[in-house]
Amino acid sequence: QVQLVESGGGLVQAGGSLRLSCAASGRTFSSYAMGWFRQAPGKERRFVAAISRSGSRTSYADSVKGRFTISRDNAKNTVYLQMNSLKPEDTAVYYCAADVPGALGSVLQIVAGAYDYWGQGTQVTVSS
């Protein structure tokens, strides 16, 4: 069982920046690809970014490409989401997720159902 805890959310003005962190339990953090998803009230949970086990590969949703950066520090069992140039439409609860390696372990998944463990979420609110 993997436990994930997000932090770093809060209130920020449009154009500002936030860095989210996701701390993972266990001793096998480096075995999991990691992803960030977000969910606005009344809307579906959507993919934001993903990173491979080693951190060598990343993937981003078109809506955040060029503004957000996902990274990880396996020695600290932590994945990060640096969010710059924030927009009001970025307002959502942000979740980190862990993807247990499988037959297609080399693929960075963008579907929420592909992820096996989830954090509790952290609220990001961007004001205009």
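Procedures and definitions
Numbering of residues begins from 1 in every chain and follows the order in which that chain's sequence is written. Reporting in this predicted model follows two pLDDT cut-offs: at least 70 for local features of residues, and 80 or more for side-chain atom pairs to be given and counted; totals over whole chains, interfaces and linings ignore these cut-offs and use all residues. The basis for every side-chain value is the complete set of heavy atoms in the structure, and neither hydrogens nor water enter the calculation. By the convention used here, strands pair only if DSSP detects at least 2 bridges between them. A run of H or I in DSSP counts as a helix once it spans at least four residues, and a run of E counts as a strand once it spans at least two, with each numbered from the N terminus. Only the contacting stretch of a helix is used when fitting its axis, a line to C-alpha atoms as for every element, and angles between N-to-C directions run 0 to 180 degrees. Here, residues are in contact when the closest pair of their heavy atoms is within 4.5 Å. Any pair of nitrogen or oxygen atoms within 3.5 Å is treated as a polar contact; in protein, a donor-acceptor pairing is required on top of that, and neighbouring residues in sequence qualify only through side-chain atoms on both sides. Centres within 6.5 Å make a pair out of two Phe, Tyr or Trp rings, where for Trp the six-membered ring is used; the pair is then stacked when the planes are under 30 degrees apart, edge-to-face when over 60, and tilted otherwise. Two thresholds decide whether a charge sits over a ring: the Lys NZ or Arg CZ must be within 6 Å of the ring centre and within 35 degrees of the ring normal. A pair of sulfur atoms, both from cysteines and within 2.5 Å, is called a disulfide here. Put plainly, a pocket is an open set of points on a 1 Å grid over the protein atoms alone with protein on both sides within 12 Å along at least five of seven lines, a cavity is a set where a 1.4 Å probe fits but cannot get out, and a lining residue has an atom within 4 Å of a point. Grid points are joined across faces, edges and corners, and a volume is the space filled by probe spheres set on the points. For this scheme, ten residues count as nonpolar: Ala, Val, Leu, Ile, Met, Phe, Trp, Tyr, Cys and Pro. Four count as charged, namely Asp, Glu, Lys and Arg, and the remainder, Gly too, count as polar.

Attention shifts here to the sheet that holds strand β8 (residues 78–83). Ordered in space as β1-β3-β8-β7, the four strands form an open sheet in which the pairing is antiparallel. One side of each edge strand has no neighbouring strand; the edge strands of this open sheet are β1 (4–7) and β7 (68–73). Between one strand axis and the next, the sheet turns through 15° on average, direction left out of account. Of the pairings in the sheet, the one linking β1 to strand β3 (residues 18–24) comprises four bridges and is antiparallel in character. Paired with S7 across the two strands is S21, which belongs to β3.

Let us now look at the environment of S25. Along the polypeptide, S25 turns up in the loop between β3 and β4 (33–39). Each C-alpha atom of the pair S25 and D90 lies 28 Å from the other, and the pair is 65 residues apart in sequence. With near-sequence residues (within four places) excluded, S25 lies in contact with Q1, V2, Q3 and N77. Engagement of the side chain of S25 in a polar contact is seen with the backbone nitrogen of Q3, the distance being 2.9 Å.

The next subject is the side chain of S21. Within the secondary structure, S21 is located in strand β3. Those residues in contact with S21 that sit more than four places away from it in its chain are V5, E6, S7, W36, T78, V79 and Y80.

Okay, the packing of aromatic side chains next. Within this structure, the stated rule accounts for five aromatic pairs. Ring pairing ties together the aromatic residues F37, F47, Y115 and W118, which thus form one cluster. Positioned above the aromatic ring of Y95 is the side chain of R45, whose terminal nitrogen or guanidinium carbon lies 3.7 Å from the ring centre. Over the ring of F29 we find R72; its NZ or CZ atom is 4.4 Å from the centre of that ring.

Looking now at the state of the cysteines. The final tally for this structure, using the stated rule, is one disulfide. Shown here is the disulfide that connects C22 with C96, its sulfur atoms set 1.8 Å apart. When the S-S torsion is 45°, as for the bridge of C22 with C96, the disulfide is right-handed. With C22 in strand β3 and C96 in strand β9 (residues 92–99), this pair connects stretches of sequence that are 74 residues apart.

The next thing to look at is the layout of surface pockets. There is about 270 Å³ of room inside the largest pocket. In terms of lining residues, the largest pocket is bounded by 14 residues, among which R38, K43, E44, R46 and S63 are the most central. Contributions of two or more residues to the lining of the largest pocket are made by β4 and β5 (46–51). Broken down by class, the residue content of the lining of the largest pocket amounts to five nonpolar, three polar and six charged.

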